[in-house]
Structures are given as C-alpha cells and as structure tokens.
Amino acid sequence: MKRHKSRSGRFFAIGALGLLLLNGCANAPSILDPQGPAAARIANLWWLLFWMAMAVLVFVFAFLALALFRRRPAEVDAQRAQQRGIRVIIWAGVVMPAIVLAVVYVATLWTMRALATPVIPEGLTVHVIGQLWWWEVQYPEQQFVTANEIHIPVGQPVRIVLSSPNVIHSFWVPELHGKMDLMPGEINETWIQADRPGVYWGECAEFCGTQHAKMNFLVIAQPAEEYQAWLQQQQQPATTPTDPLAQEGQQIFLSANCLYCHAIRGTDAVGNLGPDLTHLASRRTLGSAIQENTAGNLAGWIVGPQHIKPGNLMPQSDLTSTELQALLAYLATLE
Ligand code: CUA
C-alpha cells in the first residue's frame, strides 16, 4: 500500500511539472501553431518525429518491463535463449533503427524540398539586416527603411534577404517559418507567408551578444489594401511639424547628437547607425520589440537607453526635462 502511494505521488509530481512547463509556453509563439504554409510543413515533420519517438519509447519500455518482470522458466535451454537473444538484437537493434532513420531521412528531405522558395511576386522583397541589437528593415523596391517591424500582405510569399554587418544573428518567426542565419559577409535568403492577418512574433535565434534576448521584431500580415496603404504612408517623408512645441523638438533633434545616428527623411538627419525614425510613431514597439511604443517608454528610452539595453550603441542624453518634452512632441508627429 505504501509503495503504491509513493508511486502515484511520483506520477502526480511528473504530471504537475509537465503542466507547469506547458503553462510556461501558453503565451509564447509555437512552431506547433503554424500560421503559414512553411511553418505548417515544419509542424507536420515535428509531429511525425514526435510520434515515432513515442513509438520507440513505448517499445523500449515494454522490453524493459518484460526483462524486469518476466519469470525465468525453471529450466533454461541456454542455446535456444542465446539464439532468441541474437534475433532480438538484429531486429530491434539493427533493422528497426534502420527503418526509423530511413523514414526520418526521407521525411526531412521531403520537407526541405517543400520549403524551397516559391515564386515570389514582384515588389515583395524585404531586406533584413541584423544590427546590434535590432533589425533594420529595408523595402528596396519601395525605397524606404524602417526597423523591427516587417509588414507583409496576407496569403503571399515574401522574400526575406538577410545580411549582417557585425556578428551572426538568426531570423526566426516561429509561426511562419524555421530559422535562417544572418551571416557577416554573406547573403542568405528565406521567405515567409501568413495565411491570416495578424501580428507574428519574431526573434533572434542565435546568441549575438549581451542583448541577444532583447532582439525581437514583429511581422504584421495585412489584407492587400491595408498593406498598400502602409507602404504608401511609409514612402512619404516626415511631415514638418506645425505645433510650436514640436517645432522646438525638431530643432533639438537636429542640434543634439541625434542626427549623427538616426535618419528622418525630409530633414537634415541622415545618420544610419541607429533605426530610421521617419515614421517612428507608426511603429508598435520600441527597442526591438521589448517595449510598447508609448510616450512614457520613449522618454525612458531617450533618457536611459543603457539602463534598458546595456551595451547598445545609443548614448545617454543630457536633455533637460523641457527639452525632452519638446523632443517627445516632435517624435509623436512622425506617423
Ligand atoms: Cu541577434 Cu541574437
């Protein structure tokens, strides 16, 4: 009775741990929740591997149970037992693993072929550059640059051209496709497609330095019209502020050190070390998708970027609070 109790207790503990682990995943994007054709292929392969591994596990445990609990016959014919043992080794140790590995191999090749870049319509190429630690996003055919936010039209494959001027990063949108590295001195390509409109979480999947964990981005899949409207809006230069406070803010931006690193199209700011800010206010997040894009968060970022992301290239600013207010008013006009 006592033994039975402790065993059920152990099962309970394992079950609870499993639930806890699963619970931790509740809000994370999962490759098992594919939202596009490429991710769906990968998920299919994942499930195949999972069920095959489960079958092997059950088989191994069954043999283990057999070995542990089967009673030895009183008289053992040593020769027959040995022959049986050899048969088991050949079938379970050679033939079955060979079959399992062959199936995995073929299924993997099959999936890889299905993941080859499809025919990409014109105008649907995005260049993504891994910076330390944020994502520069260029739309070469539409001739504008943005950051940490990739907009795509729903239901269309989009070519993603990847490069890095520094270290190796990895581009990963778990719900849309597998990972692809961004290599210094090399150009890699991948593609993404979303079946439904929505916001898909992306992240860097290769350790690239102290702020690797804070190098995220969003993929925003939009219906065709909405996507076209976004493109048109992003192509526009920044509007000149009319509000006096915002005008003052613009002067501060252009006279402080901001313009050495940031560009705002339509002004003298053409720096390219940091994110292009032409339409900063239209973006959902700050700091590579680590904070919501609100006035408070933006103020916190400008005042103390090294507190939020130690080691990033943006220096502390020494603006007074009135200057900061004006600067925020200006940045809020960059829609
Ligand atoms: Cu970039 Cu990790």
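Computed from a predicted structure; not experimentally measured.

Cut-offs used in this document
- Residues numbered from 1 in each chain as written.
- Predicted model: local features only at pLDDT ≥ 70, side-chain atom pairs only at ≥ 80, totals over all residues.
- Heavy atoms only, no water.
- Helix = DSSP H or I, 4+ residues; strand = E, 2+ residues; numbered from the N terminus.
- Rg over C-alpha atoms; globule rule 2.2 N^0.38 Å.
- Buried < 20%, exposed > 50% of the residue type's maximum accessible area, 1.4 Å probe, protein only.
- Contact = heavy atoms within 4.5 Å.
- Lys, Arg positive; Asp, Glu negative; His and termini not counted.
- Charge placed at Lys NZ, Arg CZ, Asp CG, Glu CD.
- Pairing = 2+ DSSP bridges.
- Phe/Tyr/Trp six-rings, centres within 6.5 Å; stacked < 30°, edge-to-face > 60°.
- Expected span 1.5 Å × (residues − 1).
- Domains from an automatic or database assignment.
- Buried area = accessible area lost by both parts, 1.4 Å probe.
- Salt bridge = Lys/Arg side-chain N within 4 Å of Asp/Glu carboxyl O.
- Nonpolar A, V, L, I, M, F, W, Y, C, P; charged D, E, K, R; others polar.
- Core = buried A, V, L, I, M, F, W, Y, C linked by side-chain atoms within 4.5 Å.

**What to know about the overall build of the chain**
Looking only at helices and strands, the chain features nine helices and 12 strands. Compactness check: the chain gives a C-alpha radius of gyration of 28 Å against a globular reference of 20 Å for 335 residues, more than 25% above the reference. When its C-alpha atoms are laid out on the principal axes, the chain stretches across 100 × 50 × 35 Å. The buried share of the chain, taken over its 335 residues, is 36%. Within the chain, residue pairs in contact and separated by at least 24 positions form 61% of the contacts whose partners lie at least 6 positions apart. The average position of the 21 basic charges and that of the 24 acidic charges among the side chains of the chain differ by 30 Å.

**Considering the pairing of strand β4 (residues 149-153)**
Burial analysis of β4 places five of its five residues in the buried class, the great majority of the element. In this sheet, strand β10 (residues 216-222) lies alongside β4 in parallel orientation, the contact comprising five bridges. Bridge assignment links Glu 149 to a residue of β10, and that residue is Leu 218.

**Observations regarding the packing of aromatic side chains**
Inspection of the entire model under this criterion finds 13 aromatic pairs. Plain terms: the ring middles of Phe 144 and Trp 230 are 5.5 Å apart, the flat faces sit at 75° to each other, and that makes the pair edge-to-face. Of this pair, Phe 144 sits in strand β3 (residues 144-147) while Trp 230 sits in helix α4 (residues 224-235), placing them 86 residues apart in sequence. Residue class for Phe 144 comes out buried when judged on its relative accessible area of 2%.

**Regarding helix α9 (residues 321-332)**
The end-to-end C-alpha distance of α9 is 16 Å, a good match for the 16 Å that 12 residues give at a rise of 1.5 Å each. When α9 is considered as a whole, its buried residues turn out to be Leu 324, Ala 326, Leu 327, Leu 328, Ala 329, Tyr 330 and Leu 331. The inward-facing, buried residues of α9 abut α5 (244-255) and α7 (295-303).

**Structural notes on the domain arrangement of the chain**
Per the domain assignment, the segments making up the chain are domain 1 (122-235) and domain 2 (244-331). Relative to domain 2, the C-alpha centre of domain 1 lies at a distance of 22 Å. Taken together, the 22 residues of domain 1 in the interface contact 19 residues of domain 2. Summed over both sides, the interface of domain 1 with domain 2 buries roughly 1,700 Å², with 48% coming from carbon and sulfur. A per-residue breakdown of the area domain 1 buries against domain 2 is headed by Trp 134, Glu 149 and Lys 214, which together make up 26% of the total. Counting the contacts that link domain 1 with domain 2 gives zero salt bridges. Where the side of domain 1 that touches domain 2 is concerned, the elements lending two or more residues are β3, β9 (198-204), β10 and α4. Looking at the side of domain 1 that touches domain 2 residue by residue, the classes come out as 12 nonpolar, eight polar and two charged.

**Re the nonpolar core**
Ranked by internal contacts, the top residues of the largest apolar core, which has 33 residues, are Tyr 139, Ile 150, Phe 171 and Val 219. Of all the elements in the fold, those that place two or more residues in this core are β1 (125-130), β2 (135-139), β4, β5 (158-163), β8 (188-192), β9, β10 and α4. For Tyr 139, the contacting residues outside a window of four places in its chain are Thr 125, Val 126, Phe 144, Thr 146, Ile 150, His 151, Tyr 227, Trp 230 and Leu 231. Judged by nonpolar contacts, the second largest core, of 18 residues, contains Ala 238, Leu 277, Leu 324 and Leu 331.

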